[in-house]
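The lines below spell out each chain.
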Amino acid sequence: MDFLNAIVALLNFVIVPGTAYGAQLALGALGVTLIYGILRFSNFAHGDTMAMGTMFVILITWGFQSVGINFGPLPTALLALPFGIMLTGLLLIGTDKLVYQFYRRRRVKPVVFVMVSLGVMFIMNGLTRFIIGPGDQRFADGERFIISARDFKEMTGLREGLAIKSSQGLTVITAIIVVAVLFWFLNRTRTGKSMRAYSDNEDLALLSGINPERVVLYTWLIVAALATIAGTLYGLDKSFKPFTYFQLLLPIFAAAIVGGLGNPLGAIAGGFVIAFSEVTVTYAFKKVANYVLPDALAPDGLAQLMSTDYKFAVSFSILIIVLLFKPTGLFKGQTV
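No experiment lies behind these values; they were computed from the predicted model shown. (Residues numbered from 1 in each chain as written. Predicted model: local features only at pLDDT ≥ 70, side-chain atom pairs only at ≥ 80, totals over all residues. Heavy atoms only, no water.)

**A short note on the environment of Gly259**
Item 1. Inspection of the secondary structure assignment puts Gly259 in helix H11 (residues 249-259).
Item 2. Classification of Gly259 as buried rests on a relative accessible area of 0%. (Helix = DSSP H or I, 4+ residues; strand = E, 2+ residues; numbered from the N terminus. Buried < 20%, exposed > 50% of the residue type's maximum accessible area, 1.4 Å probe, protein only.)

Okay, here's the thing in structure tokens:
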């Protein structure tokens, strides 16, 4: 029985939250890897794009809630999500026309795009803080849990309860659907194949009659959808705070690089590697150890490798190790 309680504790505090967090990072890393694979630069503004997209969703959600519109047991934010994606798409397309297009036509080096994206990042961050404020904003409604710890204990008779939040289940289901649709689009549609051809060989794609501006347009639209969905799911699961999304840039880039920058499959794998690494290293294993070890060997302390305050240091450490020993990542990068 103690062994089962230990498994439930791991599920409750490591496996379930790690899976949800991994799905959120994977969606964020997919946006980064698409921009790198197709537009050939690392977009440092991606975290704040997620923040602005989520801000749009929150404002529309509040509008729906104020007039009594809801989605029953599901979060009202799901109704606002398509509108948030459209606004974020318009924002990114407008940013590309006003900023990135100028440098793209002059064929500047990728490092210039990186520096430009830093400027865009600061502007987006400032706008988000100005519009919605720098503090925490909670916008989740509907049913909070798929199963609560109390109900699980009553059903199983175990001492340890398993709680699965609705936002966690929604994150995993949504991520699976989004990834399936994205891979279908890239591999089965004419536009998706054009984007892959442009990524593989830009000059040959241009000779084949592929319109580069059309490829750029669809790339930004897809990135807008991925960023808004990832940001909204993260906000529903935790809470929304602009600075938190700025901090997420590190684990998102770490996920993309660990998997292989430019490779969509690698971005998904990297997202879960980073998520489970952060959750596992910062989890206090005292409870699990008390279930499985004899009293004489049970730890007195938390049995925690690192405080949760330093969870982003885990991402940074993994990023450095990968860059030093396997810079191409788990999968060979730069292929969409």
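**Regarding the layout of surface pockets**
Item 1. Its volume calculated, the largest pocket comes out at about 760 Å³.
Item 2. If you trace the largest pocket, you find 28 residues lining it, with Pro17, Lys165, Gln168, Asp237 and Lys238 closest to the centre.
Item 3. Contributing elements (two or more residues each) for the lining of the largest pocket: helix H1 (2-39), helix H6 (166-188), helix H9 (212-237) and helix H12 (264-282).
Item 4. With four residues, H1 is the largest single contributor of residues to the lining of the largest pocket.
Item 5. Across the lining of the largest pocket, the residue classes break down as 11 nonpolar, eight polar and nine charged.
Item 6. As for the second largest pocket, its lining consists of 18 residues, and the residues nearest its centre are Arg104, Arg107, Phe113, Tyr198 and Glu202.
Item 7. Here the lining of the second largest pocket takes four residues from helix H3 (residues 77-105), the largest share from any one element.
Item 8. Grouping the amino acids of the lining of the second largest pocket by side-chain chemistry returns 11 nonpolar, no polar and seven charged. (1 Å grid on protein atoms, 1.4 Å probe; cavity = no way out; pocket = protein on both sides within 12 Å on 5 of 7 lines; lining within 4 Å. Points joined across faces, edges and corners; volume = space filled by probe spheres on them. Nonpolar A, V, L, I, M, F, W, Y, C, P; charged D, E, K, R; others polar.)

**Description of the confidence of the model for the protein**
Item 1. Of all residues in the protein, 99% have pLDDT values of 70 or greater, and the mean over the chain is 92.
Item 2. Mean pLDDT across the secondary structure elements of the protein bottoms out at helix H8 (residues 202-207), with 82, and peaks at helix H2 (residues 46-66), with 97. (pLDDT = per-residue confidence, 0-100.)

**Examining the pattern of salt bridges**
Item 1. Using the criterion set out here, one finds six salt bridges in the structure.
Item 2. With a shortest N-O distance of 3.5 Å, Arg104 and Glu213 are connected by a salt bridge. In this pair, Arg104 sits in helix H3 while Glu213 sits in helix H9, placing the two residues 109 residues apart along the sequence.
Item 3. For Glu202, the salt bridge goes to Arg107, with nearest N and O atoms at 3.9 Å. Of the two residues, Glu202 is situated in helix H8 and Arg107 in the loop between H3 and helix H4 (110-132); the sequence distance between them amounts to 95 residues. (Salt bridge = Lys/Arg side-chain N within 4 Å of Asp/Glu carboxyl O.)

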